[in-house]
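Close look at the chain arrangement
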Amino acid sequence: QVRGGVVVDMAGLATVHDVAADRVVVDAGARWSDVLAATLPRGLVPPALPDYLELSVAGTLVVGGIGSTVSRSGAVSDTVIELRVVTGTGAELDCSPTRNAELFDAVRAGLGQVAVITRATLALVPAARGVRRFLLAYPDLRTMLDDGRRLTRDGRFDAVQGAVLAAPDGSGWVHRLDLAIEVPNGQPDDDALLAGLSDDRPAAQRSTLSLPEYLGRLGALEQATRANGQWFLPHPWLTTFVGDAAVEDVVAAELAALTPADLGPFGQVVVSPLRRAAVTTPLLRLPDGELCHTVNLVRIPASAAGADRLVAANRATYERVRAAGGTLYPASALPMSAADWRAHFGPAFPVLDGAKRVHDPRHLLTPGYEVY
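Let me sum up the structure you'll find in this document. (Residues numbered from 1 in each chain as written. Predicted model: local features only at pLDDT ≥ 70, side-chain atom pairs only at ≥ 80, totals over all residues. Heavy atoms only, no water.)

1. What about the pattern of salt bridges?
Counted only if it meets this: Only one rule defines a salt bridge in this text: a Lys or Arg side-chain nitrogen within 4 Å of an Asp or Glu carboxyl oxygen. Burial classes: relative accessible area under 20% of the type maximum marks a residue as buried, over 50% as exposed, and values in between as partly exposed (1.4 Å probe, protein chains only). Strands are runs of DSSP state E lasting at least two residues, helices are runs of H or I lasting at least four, and both sets are numbered from the N terminus onward.
One pass over the structure, following the stated rule, counts 28 salt bridges. Note that Asp-34 is salt-bridged to Arg-31, the shortest N-O span being 3.2 Å. Using a relative accessible area of 23% as the deciding quantity, one classes Asp-34 as partly exposed. Measuring nitrogen to oxygen at the nearest pair gives 2.6 Å for the salt bridge that ties Arg-132 to Asp-190. Placement of Arg-132 in strand S8 (residues 130–138) and of Asp-190 in helix H6 (residues 190–193) is noted, with a sequence separation of 58 residues between them.

2. A short note on unusual backbone geometry
You will see that Ala-109, though not glycine, has its phi angle at about 60°, which is positive. Within the secondary structure layout, Ala-109 lies in the loop between helix H4 (101–107) and strand S6 (115–123). Even without a glycine there, the phi angle at His-363 is positive, about 55°. Within the fold, His-363 resides in the segment after helix H13 (349–359). Accessibility expressed as a relative area gives 43% for His-363, which makes it partly exposed.

3. Regarding the side chain of Gln-161
Stated precisely, the cut-off is as follows: Whenever two N or O atoms come within 3.5 Å, that pair is a polar contact, provided that in protein one can donate a hydrogen and the other can accept it, and provided that, for residues adjacent in sequence, both atoms are side-chain atoms. The criterion used for residue contact is that any of the two residues' heavy atoms lie within 4.5 Å.
Relative to the elements of secondary structure, Gln-161 occurs in strand S9 (residues 159–166). Look at Gln-161 and you get buried, because its relative accessible area is 15%. A polar contact of 3.4 Å, which involves the side chain of Gln-161, links it to the side chain of Arg-217. Apart from residues no more than four positions distant in its own chain, Gln-161 is found in contact with Asp-51, Gly-67, Ser-68, Arg-176, Leu-177, Asp-178, Arg-217 and Ser-272.

4. Details of the packing of helix H5 (residues 141–154) against helix H9 (residues 244–257)
To keep it simple, the criterion reads: Working convention: axes come from line fits to C-alpha atoms, limited for helices to the stretch in contact. Angles between N-to-C directions cover 0 to 180 degrees. Should an angle fall under 35 degrees it is taken as roughly parallel, and over 145 as roughly antiparallel, whereas 65 to 115 is taken as roughly perpendicular and any remaining angle as oblique. A clockwise turn of the near helix away from the far one marks a right-handed crossing, whereas an anticlockwise turn of less than a right angle marks a left-handed crossing. Amino acids outside the nonpolar list (Ala, Val, Leu, Ile, Met, Phe, Trp, Tyr, Cys, Pro) and the charged list (Asp, Glu, Lys, Arg) are all regarded as polar, and Gly is one of them.
As a packed pair, H5 and H9 sit with axes 11 Å apart at the nearest point and diverge in direction by 150°. On the basis of the axis angle, H5 is roughly antiparallel to H9. At the point where H5 passes H9, the crossing takes the right-handed sense. The segment H5 lies against H9, with Leu-141, Arg-142, Leu-145, Arg-149 and Arg-153 engaging Asp-244, Val-247, Glu-248, Val-251 and Ala-252. Broken down by class, the residue content of the contact of H5 with H9 amounts to five nonpolar, no polar and five charged.

5. Section: the packing of aromatic side chains
Inclusion rule: Stacked, edge-to-face and tilted are the three classes for Phe, Tyr and Trp ring pairs, Trp counted by its six-membered ring, which pair at centre distances within 6.5 Å; planes under 30 degrees apart are stacked, over 60 edge-to-face, the rest tilted. By definition here, charges over rings are those cases where NZ of Lys or CZ of Arg is within 6 Å of the ring centre and within 35 degrees of the ring normal.
By the definition in use, this model includes seven aromatic pairs. The interplanar angle of 80° and the centroid separation of 6.0 Å between the aromatic rings of Phe-241 and Tyr-329 together place this pair among those described as edge-to-face. Of this pair, Phe-241 sits in strand S12 (residues 238–243) while Tyr-329 sits in the loop between strand S15 (327–328) and helix H12 (338–345), and the two are 88 residues apart along the sequence. With respect to class, Phe-241 is no different from Tyr-329; both count as buried. Aromatic rings pair up to connect Trp-341, Phe-345, Phe-349, Tyr-369 and Tyr-372 into one cluster. The lysine or arginine in question, Arg-217, covers the ring of Tyr-214, its NZ or CZ lying 4.2 Å from the ring centre.

6. A closer look at the nonpolar core
What counts is decided by this rule: Think of a nonpolar core as a cluster: buried Ala, Val, Leu, Ile, Met, Phe, Trp, Tyr and Cys residues, connected wherever their side-chain atoms sit within 4.5 Å.
Val-57, Leu-83, Ile-117, Phe-157, Leu-179 and Val-271 are the most contacted members of the largest nonpolar core, which totals 95 residues. Here this core gets five residues from one element, more than from any other, and that element is H9.

This is how it looks when you write it as structure tokens:
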């Protein structure tokens, strides 16, 4: 995992400490499921969460953390109140927007380049009693994208996520929006929520879930892939951000080149709109414009045989995304050079580079990304 170096396993630092009315203190190795186990009984929840809850807190924060509510609450890294870190010089420091702010901005989505997170203070908000969820089917990519844009702009839902899946009969692609809204009391007006949309309404699926059921919705996918062994194979996934003007052309080109076999029976292409202004973490790079879209190739192939080929395909896809003005979400399977990273961070690179010079001048930390 690191040639001639040391891998630090943070799983032992997993304690969830004080839960207050507006915040919780957690150790870096705690999983988000651990955090929720401590906060939900108090009727509280972090305002932003990753979609998969078995990720560690620190592992999420060093890449930013993108989940279903990003347009409402920002990235997970936008909701951190304070961090305790150990820098490359061995100093243990606290940082926040008002204390060691330059270090705070370099640690969040900073790929572990300047410090190791050991503890985080996370914001909390009142938890919803329930969630009303809709799965809407669309005849084509353009119609799905148009409705996703409309819903993201008007804010009628708390979560708007899109996906393209292989049709079960192999006849092509299925286009879908996954929508969710918190329901504090009673049942919402479904007709009002879905007014003006262009989905195939008879095919719409509707459900009301408890908040834990909704937040743990990927658990079924994990169980299914564990049961058939695919969970333990390589995960050659790629997540990018594509500007609104380019997204239809970019996704259509990728779909034309993809095969259902490369995605696997559980795979999909996630295409989800988000409001650019909601994300404020300096090092989490997004395209310019009012809206952009996460474009995530979730490949879950049936064997490990083609993993190298799919990683190479990821690199080619990233080149096309970058040429269209898009950016990378660093939790992706593809090689990046130091020059690639400088281009990726662009005008934000001095934030990271300045902190690196001060807090890790010997370049000891996280060499695997090859930023330096």
